[in-house]
Each structure stands twice: as structure tokens, then as C-alpha cells.
Amino acid sequence: MDKLKRTTVASALRDWESIGIGNSINLKGWVRTRRGNKNVTFIALNDGSIIHNIQIVANPADFNEEMFRLITTGSCISVIGELVESPGQGQAVELIAREIEVYGSADPETYPLQKKGHSLEFLREIAHLRPRTNTFGAVLRIRHAMSFAIHKYFNDNGFYYLHTPIITGSDAEGAGAMFRVTTLDPVNPPLTETGEVDYSHDFFGKATNLTVSGQLEGELGAMALSKIYTFGPTFRAENSNTPRHLAEFWMIEPEVAFYDIHDNMDLAEDFLKYLVNYALEHCMDDLEFLNKMYDHELIDRLRFATENDFKRLTYTEAVEILMTSGQKFVYKVDWGTDLQSEHERYLVEKHFKRPVILTDYPSTIKAFYMKQNEDGKTVRAMDVLFPRIGEIIGGSQREENYQKLVNRCREVEIPEKDIWWYLDTRKYGTAPHAGFGLGFERLILFITGMANIRDVIPFPRTPQNAEF
RNA sequence: UCCUUCUUAGCUCAGUUGGUUAGAGCAUCUGACUGUUAAUCAGAGGGUCGCUGGUUCAAGUCCAGCAGAGGGAGCCA
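Residues numbered from 1 in each chain as written. Chains lettered and ligands numbered in written order. Predicted model: local features only at pLDDT ≥ 70, side-chain atom pairs only at ≥ 80, totals over all residues. Heavy atoms only, no water.

With respect to the overall build of chain A
Assigned secondary structure in chain A consists of 14 helices and 17 strands. Across the 468 residues of chain A, 49% fall into the buried class. In chain A, the share of contacts with a sequence separation of at least 24, taken over all contacts with a separation of at least 6, comes to 66%. Of the roughly 23,000 Å² of accessible surface on chain A, 49% is carried by carbon and sulfur atoms. Where the 51 positive side-chain charges of chain A centre and where its 66 negative ones centre are 4 Å apart. (Helix = DSSP H or I, 4+ residues; strand = E, 2+ residues; numbered from the N terminus. Buried < 20%, exposed > 50% of the residue type's maximum accessible area, 1.4 Å probe, protein only. Contact = heavy atoms within 4.5 Å. Areas by Shrake-Rupley, 256 points an atom, 1.4 Å probe, with all protein chains shown as cover. Lys, Arg positive; Asp, Glu negative; His and termini not counted. Charge placed at Lys NZ, Arg CZ, Asp CG, Glu CD.)

Let's talk about the nonpolar core
Membership of the largest hydrophobic core comes to 57 residues, with the highest contact counts inside it found for Met146, Leu287, Leu438, Leu443 and Ile447. It is helix 7 (residues 261-282) that contributes the most residues to this core, 11 residues altogether. Among residues more than four places away in sequence, those in contact with Leu287 are Ile142, Ala279, Leu280, Leu298, Ile299, Leu302 and Ile447. Counting 30 residues, the second-largest nonpolar core is a separate cluster that includes Leu339, Leu347, Val348 and Phe352. (Core = buried A, V, L, I, M, F, W, Y, C linked by side-chain atoms within 4.5 Å.)

Things to note about the pattern of salt bridges
Within this structure, the stated rule accounts for 20 salt bridges. Arg398 is paired through a salt bridge with Glu219; the nearest N and O atoms lie 3.7 Å apart. On the criterion of sequence distance, the pair formed by Arg398 in the loop between strand 16 (390-397) and helix 12 (402-411) and Glu219 in helix 6 (residues 215-225) is long-range, its members being 179 residues apart. Each of the two residues, Arg398 as well as Glu219, counts as buried. Linked by salt bridges that have partners in common, Asp266, Glu269, Lys273, Asp309 and Arg312 make up one network. (Salt bridge = Lys/Arg side-chain N within 4 Å of Asp/Glu carboxyl O.)

So, the packing of helix 5 (residues 134-156) against helix 8 (residues 284-293)
It is at 9 Å that the axes of helix 5 and helix 8 come closest, and there the two elements cross at 135 degrees. With respect to helix 8, the element helix 5 is oriented oblique. As for how helix 5 packs across helix 8, the hand of that crossing is left-handed. Two secondary-structure elements touch here, helix 5 through Asn134, Thr135, Ala138, Arg141 and Ile142 and helix 8 through Asp286, Leu287, Phe289 and Leu290. (Axes fitted to C-alpha atoms, helices over the stretch in contact; angles between N-to-C directions. Parallel < 35°, antiparallel > 145°, perpendicular 65-115°, else oblique. Left-handed = near helix turned anticlockwise from the far one by under 90°.)

Re the protein's contact with RNA strand B
Neighbouring RNA strand B are 50 residues; Arg35, Gln55, Thr242, His245 and Arg442 lie closest to it. A breakdown of the atoms of RNA strand B within 4 Å of the protein gives sugar and phosphate a share of 52%. In the environment of RNA strand B, a base nitrogen lies 2.8 Å from a nitrogen or oxygen atom belonging to the backbone of Lys115. At a separation of 2.6 Å, a phosphate oxygen of RNA strand B approaches a polar side-chain atom of Gln340. (Near = heavy atom within 4 Å. Polar contact = N/O pair within 3.5 Å; in protein donor to acceptor, adjacent residues only side chain to side chain.)

A look at the environment of Glu441
Relative to the assigned elements, Glu441 resides in helix 14 (residues 440-448). C-alpha separation for the pair Glu441 and Ile457, spaced 16 residues apart in sequence, amounts to 7.0 Å. Apart from the residues within four sequence positions on either side, Glu441 is in contact with Arg143, Leu246, Phe249, Trp250, Ile453, Val456 and Ile457.

Considering the domain arrangement of chain A
When cut into domains, chain A gives domain 1 (9-104) and domain 2 (130-176 + 212-455). Here the C-alpha centroids of domain 1 and domain 2 sit 45 Å apart. Both faces considered, domain 1 and domain 2 share a buried interface measuring about 650 Å² in area, 41% of it formed by carbon and sulfur atoms. Among the residues of domain 1 in contact with domain 2, Trp30, Arg32 and Ile51 are the three that bury the most area, contributing 69% of the side total. The interface formed by domain 1 and domain 2 includes zero salt bridges. Counting the contacts that link domain 1 with domain 2 gives five residue pairs in polar contact (both at pLDDT 80 or more). By residue class, the composition of the side of domain 1 that touches domain 2 is three nonpolar, four polar and one charged. (Domains from an automatic or database assignment. Buried area = accessible area lost by both parts, 1.4 Å probe. Nonpolar A, V, L, I, M, F, W, Y, C, P; charged D, E, K, R; others polar.)

Comments concerning the sheet that holds strand 17 (residues 433-439)
Reading across the sheet, the eight strands line up as 7-11-12-17-16-15-14-13 and stay open at both edges, with mixed pairing between neighbours. Strands at the two margins of the open sheet, each flanked by one partner only, are strand 7 (160-161) and strand 13 (311-314). In this structure, strand 11 (residues 227-235) lies alongside strand 12 (residues 248-257), joined through nine bridges in antiparallel fashion. Of the residues in strand 12, the one forming a bridge with Gly232 is Met251. Sheet strands in contact with helix 6 are strand 7, strand 11, strand 12 and strand 17, and its direction is about 30 degrees off that of strand 12. (Pairing = 2+ DSSP bridges.)

Considerations on the packing of aromatic side chains
In this structure the tally under the stated criterion is 22 aromatic pairs. Relative to Phe159, the ring of Phe154 lies with its centre 4.8 Å away and its plane at 55 degrees, an arrangement referred to as tilted. What makes Phe159 buried here is its relative accessible area of 4%. Aromatic pair Tyr315 and Tyr361: ring centres 5.3 Å apart, planes at 40 degrees, arrangement tilted. Taken together, the positions of Tyr315 in helix 10 (residues 315-323) and Tyr361 in strand 14 (residues 356-362) put the pair 46 residues apart, joining distant regions of the chain. An identical accessibility class is assigned to Tyr315 and Tyr361; each is buried. Directly above the aromatic system of Tyr361 lies the positively charged group of Lys366, at a separation of 4.3 Å from the ring centroid. A cation over an aromatic ring shows up here: Lys377 above the ring of Trp335, its NZ or CZ 5.3 Å from the ring centre. (Phe/Tyr/Trp six-rings, centres within 6.5 Å; stacked < 30°, edge-to-face > 60°. Lys NZ or Arg CZ within 6 Å of the ring centre and 35° of its normal.)

If you want it as C-alpha cells, here you go:
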């Protein structure tokens, strides 16, 4: 074939005027559909650079018959031809094929992706091929754009990206069951005198796990660099089977020195609105597809979220609203117990009809490190609740007083020797500070309108499922 | 982990009060058509009804166990 640099489909469709009608280009991609007759064949080609296909027009008589038969749904081809204005409806330009090379055929009898739509459940079973669908192409491009926007937002606002460890030796993070990391022989591990596994012989000389949060280490960074964020994988060994939980997910955790709970809420709201705006500005093709195929209110909902203030109120105020709402709940509303999903949904979807930030929860239902209020009963926690997905952000102002923090550790039986390094930040040059955790996949759920978190990550990890 | 619904062709689903040889649309294959847009039209092939056991003259259909999936709940991001 001629030596021509590859042009992406995105470029051909967007920049065809500067490429020039009548000029030859080389497109490479995967065949979505093929139709036509003896005299003319139309091939819809997609290379993932954009949601749209480009139409390749070929005269079968001009090509080797054996080769031409291999151009079926799913096959991968390289086409050199002339970019022309399309006489047909539905596209501005198309490519008149002069040379075609088949990189890889795809047996139509066994290739699982068809021209017709598939259920999301079926696509989960073929996660190795689903990136080739319009839906997952759109989701994955949006996922990329959101990753980029997160780094851009923090960089533009003076935050430093802190790489907190994936493997941790601390059991004290308090965010649920963890995955053990070990190089010991599972069949015949070294034992202590009392018959327990002796992790002093393990790789790190102690028991280690995959991280459930980078927050504690993030605070160490904030106590030096002032404004930091983490963005990395997080692991929870909880047996959660819901459309909102993964065993392996990505989390963003900003942590800022000298911020109080109000600064923290301002940051969370500004950050989320920035991300939604970024998607509206940079991913409209993909959003329009998702809006059309899955969720007709998606774009309206995204616009609404950027244009309206989040409603801020305390846990105590929320409990009062719920108790006087007249609404029947399966679970009773009661000051001192955590709100159920149905309560949160009522507040967000029925009562306020907008994102809600709840603060000042009872200390008994929140983590040990949250700043204790004067009332002795509540802590400066904040949860950002979104329609359809519930808690998208959980955060707090942190307890910066050494003695109060140590006392709290003792109450909830966290051994000080395990987190001496964390307590040290309160001993030496302590400062008020605050931060939060944003579940990346939950953000992508909101942005894409997808209903199941397994459909917004390329290869989901859930109980009983680590295929691919 | 609990509650609940589901599992029939490659995919999405029908299948009546249990009754002969298991149905459709799409996909695939063959043919027709000189510009299609998830092309259209005609024809063909394609099934161990999730698995195991039970009830019955007879089970896709009823019962039990197991496996997998969906939805809801809990844990949370």
C-alpha cells in the first residue's frame, strides 16, 4: 500500500475542509456494518476516535473477491481512498475506497457483536469486546475526559498530585474489609507460638493490605504542601452486590490545610460543577448519544446541576424534615442512626429536587478522625448526595487537636501504635484542615446517565467476578 | 450477606389449565436489487428449554436443591 499517514475518523469528519475534498487519506478501523449490492458496497467504519462512523464506499468489482468477503462486522481494515462530499443523506463526507487491506477478519458466525443493540447485561459477559460498541466508546471517552479534567482543575487551582501508597500496613483506616497482600505460602504459612499466621515473616515484615483510602497519607501531604489531591485505585473487600459498588474503583481525595467545613463544601460544589461543565463542553457528541439511547433527561439534568446551588443543611435539620414529611418510610427516621437510601433519595429527589450537602452528623456513625463539634454529639462531616446515585462525596473537617483525636482513638479502640505517624501531624505544627473523597465511577454514572457502575469502568471487579 | 424476579436459537423474547414434531423478530448463510443509512425483499440452516433430582401415562410448563444474572436492601465512594 501507499505510504500515507493514518488519519483518524474524528479528524476526517471534523477537519475535512482543511484536509481538502478530493485528497487521498488512509483510514484504519473496525467495521460496524456493511451493506449494498453487486455494484456498490457501503462500509461503516469506526476507530474509536469519535462516536460517529465514516462511510466507506467501494465498488466490489475493483477488489479481490476473497479479500472483499472478509470485510464483515467486527473485522479490522485499512482503507486508502479519496475524501469526497457525500451525495447521500446522513453524512457530510465519505471515502471512495481505492485500496483496502484487511488486518483482521471476524467470523460472522461467531463474532458476538451484531449490528443490532445488545443488552448491557450481555455486554458485561463480553467485556473484552464491548469497548467496540457505541455505548462503551462514549462512556470510555467521557471517562478519559473526566480524568483529564480532574487533574486540570486541581493543577489550575494550586493543588499538588500526591501519590499515596496502594499497599498499606495500617488496619486503622476504618473504611471496611480489606484485601490481604502477602507472599506467604497459603498452604503452609509460618505460624506463631499461638498458632496464628506469623506475618513478621511476610514480605514487609508485617500484615499488609490494599488501600481502602489514601486519606490518612493525604493529610500528611496537606500538612506540608497545603493543597494536595490523590487520584488512584482503591480496594474494598466488602461483599457488596449493588449497581453502585465495586471491589476495585478509583477515588479522588483532595485534602487542604487551613480549610474548614465550609471551605470544604465550597470546594466540593465548585469541583463537581466544573467537571459537569467540562463534560458539556467537550463530550457533547457522546452525551447526545447517551441522552438519545438511555436517558432522555441526561443533558437537562447535567445543565441543572451546574446552574443551581447545592442545598446545604445539617443532619439534624434533615431528620426534622424527614420526620415531619408525612412520607411513609420502610425504615424509621431517628436522630442518631444513619440515614437510609430511601431517606436520602427523598431529600434529594422529592423535597429539594437538587444535589444536597448534609453536614454535622452524629459522631457515633462517623469516622474517628472527623472534627468534633462543641455540642459533644456531632462531628463536622459532610456527604454530598446526588439524584439517582446517592452519596457521591463523603468528607469532613479533620480533628486537629492531638488530645481529642487520641481520646477518640481510644474510644473506638484504634491502637495508637498503628497510626503514630498520623497522630504526629497533630503533635507537630498541627493545623485545621479538611478534605473529601469522590468516587470516580459514581461521578461517571452521573455524567453518563448509566444505571450500573459495572458499565462505567472497562473491566469491573465485583464479588465472584474478576474475568478479563 | 438478606429479600425478590429471572434463566427457552448467536442476541432479544413468546410459549395457554402439563399433552404429538419448540415459536417470532433480529443476526448468520444463499439469492435479488446501481447510493445504502441498524438498507430492503425472498428463501434456508440453527435448540440437551441453566444443571441435578423428583411428581406424572406425559414436564419448557409442577416441586426441591445447586449455579448464574437482574432489581431492591445493608456496607460505602
